Amino acid sequence: MRKNRFVLMMIVVAAVIAVSACGIEKISNRKTNDVDFTVVAEIEMPTEIKQIVEERKENPFKVTYSDNQYTYIIVGYGKQKYDGYSIQVKELYETKNAICVKTEFRGPEEYTSTETETYPYIVIKIEYTDKNVVFSE
């Protein structure tokens, strides 16, 4: 009787593991649609976004945040010594199972002799999605 319980318990454990195992889904990079987006000004950012930027601004970072209406794609380039950097959205498109984004970090047109610490970042707002966001270089 004890042996039967042990075997039954092992079968149940194996079934639970098999059913709950994580699957790996291949991310497609084949473009299906362009994604409409807005670059969000600092004064229009939700408090949560401002907190994310403040916590991570010292180092380069790439993160997403979603509320019930929008998904925010945030890319920061860490601490810089000068002012005048810009960030451009080069690509933002949808695939079958992901949102792909590529940004470009541009240096100032000319460097001033005065060093000024800056923390360049961009916040991109799109309609809410539950798809993974893939950042490309």
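The coordinates are above.
Residues numbered from 1 in each chain as written. Predicted model: local features only at pLDDT ≥ 70, side-chain atom pairs only at ≥ 80, totals over all residues. Heavy atoms only, no water.

### Considering helix α2 (residues 47–56)
Where α2 is concerned, the buried positions are I49, I52 and V53. Buried residues of α2, viewed axially, fall in a sector of 95°; they line one side. α2 presents T47, E54 and E55 as exposed residues on the side facing more than 90 degrees away from its buried surface. In this structure, the buried side of α2 is in contact with β3 (60–66), β4 (70–77) and β7 (121–127). (Buried < 20%, exposed > 50% of the residue type's maximum accessible area, 1.4 Å probe, protein only. Helix = DSSP H or I, 4+ residues; strand = E, 2+ residues; numbered from the N terminus. Arc of directions from axis to C-beta. Contact = heavy atoms within 4.5 Å.)

### Comments concerning the sheet that holds strand β6 (residues 98–106)
Two strands in a sheet stick together by hydrogen bonds in their backbones, pointing the same way (parallel) or opposite ways (antiparallel). The strand order across the open sheet built from four strands is β1-β5-β6-β8, with neighbouring strands paired in mixed fashion. The sheet is open, and its two borders are formed by β1 (33–34) and β8 (132–136), each paired with just one other strand. Bridge count for strand β5 (residues 86–94) against β6 is eight bridges, and the pairing is antiparallel. From the neighbouring strand, S86 faces β6, where its bridge partner is R106. (Pairing = 2+ DSSP bridges.)

### Description of empty space enclosed by the protein
Scanning the entire structure with this criterion turns up one cavity of 30 Å³ or more. Together, K62, V75, V101, T103, F135 and S136 line the largest cavity. Those elements that provide at least two residues to the lining of the largest cavity are β6 and β8. When grouped by side-chain class, the residues that make up the lining of the largest cavity number three nonpolar, two polar and one charged. (1 Å grid on protein atoms, 1.4 Å probe; cavity = no way out; pocket = protein on both sides within 12 Å on 5 of 7 lines; lining within 4 Å. Points joined across faces, edges and corners; volume = space filled by probe spheres on them. Nonpolar A, V, L, I, M, F, W, Y, C, P; charged D, E, K, R; others polar.)

### Some words on the pairing of β3
Alignment of β3 against β4, held across seven bridges, turns out to be antiparallel. Directly across from V63, in β4, lies its bridge partner I74. Between the end of β3 and the start of β4, which pair antiparallel, lie three residues.

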